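Examination of the molecular architecture
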Amino acid sequence: MFDAAKHRLVCPNCRSEDSGESVESGKMTQCVMCGAELEVKDFSSALRCGHCRTWQILTERTSGDYEPHLVIPFCVGKEQAEEILRKEFKTRLFTPGSFLSGSSLEELQGSYVPFWLYDYDSECDFEAVGTKVRTWRSGNTEYTETSRYRVVRDLSINFERIPADASFGMEDGIMDLMEPYEYKELTQFEPMYLSGFFSEVYNDKPEVFEPRAKDKARGASEECLQSTIGGYVTLSPVKKEFNIRLKGTKYALFPVWIYRYRYQGKEYPFYVNGQTGKVVGKSPVSIGSIAAVGFSFFVSAAVTAGALLHFLEVL
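Here is a short report on the structure shown in this document.

Conventions and cut-offs
Each chain has its residues counted from 1, running along the sequence as written. Only residues with pLDDT of at least 70 are given local features in this predicted model, and only at 80 or more are side-chain atom pairs given and counted; all residues enter the totals for whole chains, interfaces and linings. Just so you know, side-chain values use all the structure's heavy atoms and leave hydrogens and water out. Each helix is a run of H or I in the DSSP string that is no shorter than four residues. Each strand is a run of E no shorter than two, and both are numbered from the N terminus. A 1.4 Å probe rolled over the protein chains alone gives each residue an accessible area, and that area as a share of the maximum for its type sets the label: buried under 20%, exposed over 50%, partly exposed in between. Residue contacts are defined here by distance: any two heavy atoms, one from each residue, within 4.5 Å place the two residues in contact. Here the Shrake-Rupley method, with its probe set to 1.4 Å, supplies the accessible areas, and only the displayed protein chains count as covering residues. The rule for a salt bridge is simple: a side-chain nitrogen of Lys or Arg has to be within 4 Å of a carboxyl oxygen of Asp or Glu. For a helix, the expected span equals 1.5 Å multiplied by the number of residues minus one. Think of the arc as the fan of directions from the helix axis to the C-beta atoms. Any two rings among Phe, Tyr and Trp, with Trp reduced to its six-membered ring, count as a pair given centres within 6.5 Å; such a pair is stacked if its planes are under 30 degrees apart, edge-to-face if over 60, and tilted if neither.

Along the protein, the regular secondary structure elements total 5 helices and 12 strands. Burial status across the protein gives 38% buried among its 315 residues. For the protein, restricting intrachain contacts to residue pairs at least 6 apart in sequence, the fraction spanning at least 24 positions comes to 73%. Summing over all exposed atoms, the protein offers an accessible surface of approximately 18300 Å²; the carbon and sulfur share of this is 51%.

Okay, here's the thing in structure tokens:
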């Protein structure tokens, strides 16, 4: 399986390196090791045999039209992800202290999530009327001067690899919060990166997911425009047009650790960015902890107020 720390294939039994084998198949429905039927989901490209626990890479879903152009390999291993979560829970003030000990881990998997990466050319044609105000005093008279300016901006912006996840199973909001991924570790795809992890192929063509990427490009274009305009008291737009043209797309896989805890009958999913370690997820809230913090604040405020009154009495 692929070792996130060593960035190479390592046998989990004998610890030998780069000893993996590639298994060719037409339509793989049986485990190549034990022959058991595999539970292959619609978009699975790498999975684990439920009987012998051997990891399988579906070659027909990692080649041809389904071969990713790029991949960010796992940099955060399982143990490191668990440690990151433990530290995260400790920083959450209102999380019950018994959450980790009293919860059950329903699911744990490292998974590669499919993404489409979009390249855009963006052109902005902007015109506005801006005002600047100058005030001064001469003797007993105050003067105010208002100057009007024609503000024109003609911007050309190039965007490369704006991401949009291509999995219907992953919530878009969750994946947006997982960003940013650091592209310095983006590399050409090799099947070995999937060894020991679950993986999906893209769930539909790039045009289906493009609206989200285009919205990101427009938002970034708006930010670039605003960064060039400043110093005006008022700014009244006359024209603001964005022309965003798609130049190309790439298919990529990004790493995510998925943890699903069950606590007091409710499921709490957490996601750890498999490259940066960023955590996304909502933990349960302890009413007792909120009350305790509120009481501590009340006591602190009362003590401060008492000290202030004593100080005034002394004066």
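Still more to cover.
So, on to the pattern of salt bridges. In this structure the tally under the stated criterion is 17 salt bridges. Across the pair glutamate 179 and lysine 216 runs a salt bridge, and its minimum N-O distance is 2.9 Å. Residue glutamate 179 is located in the loop between α3 (172-178) and β8 (187-188), and its partner lysine 216 is located in helix α4 (residues 206-227); the two are separated by 37 residues in the primary sequence. Beyond isolated ion pairs, a larger network of salt bridges with shared partners links Asp165, Asp172, Asp176, Glu179, Arg212 and Lys216.

It is worth spelling out helix α1 (residues 78-91) at this point. Compared with an ideal rise of 1.5 Å per residue, which puts 14 residues at 20 Å, α1 spans 20 Å between its outermost C-alpha atoms and is within 8% of the ideal. All buried positions along α1 are accounted for by Ala81, Leu85 and Phe89. The buried side chains of α1 occupy one side of the element, clustering within an arc of 75° when seen end-on. For α1, the exposed residues set more than 90 degrees away from the buried face come down to Glu79, Lys87, Lys90 and Thr91.

To continue, consider the packing of aromatic side chains. Scanning the model with the defined rule gives 22 aromatic pairs in all. Ring centres 5.0 Å apart and planes at 80° place the aromatic pair tryptophan 55 and phenylalanine 198 in the edge-to-face group. On the criterion of sequence distance, the pair formed by tryptophan 55 in strand β4 (residues 55-57) and phenylalanine 198 in strand β9 (residues 198-200) is long-range, its members being 143 residues apart. Taking relative accessible area as the criterion, tryptophan 55 reaches 23% and is therefore assigned partly exposed. When the ring of tyrosine 202 is compared with that of tyrosine 251, the centres are 4.8 Å apart and the planes differ by 85°; the resulting orientation is edge-to-face. In this pair, tyrosine 202 is assigned in the loop between β9 and α4 and tyrosine 251 in strand β10 (residues 234-263), connecting sequence segments 49 residues apart. An aromatic cluster is built from Tyr66, Trp116, Tyr202 and Tyr251, whose rings are joined through pairwise contacts.

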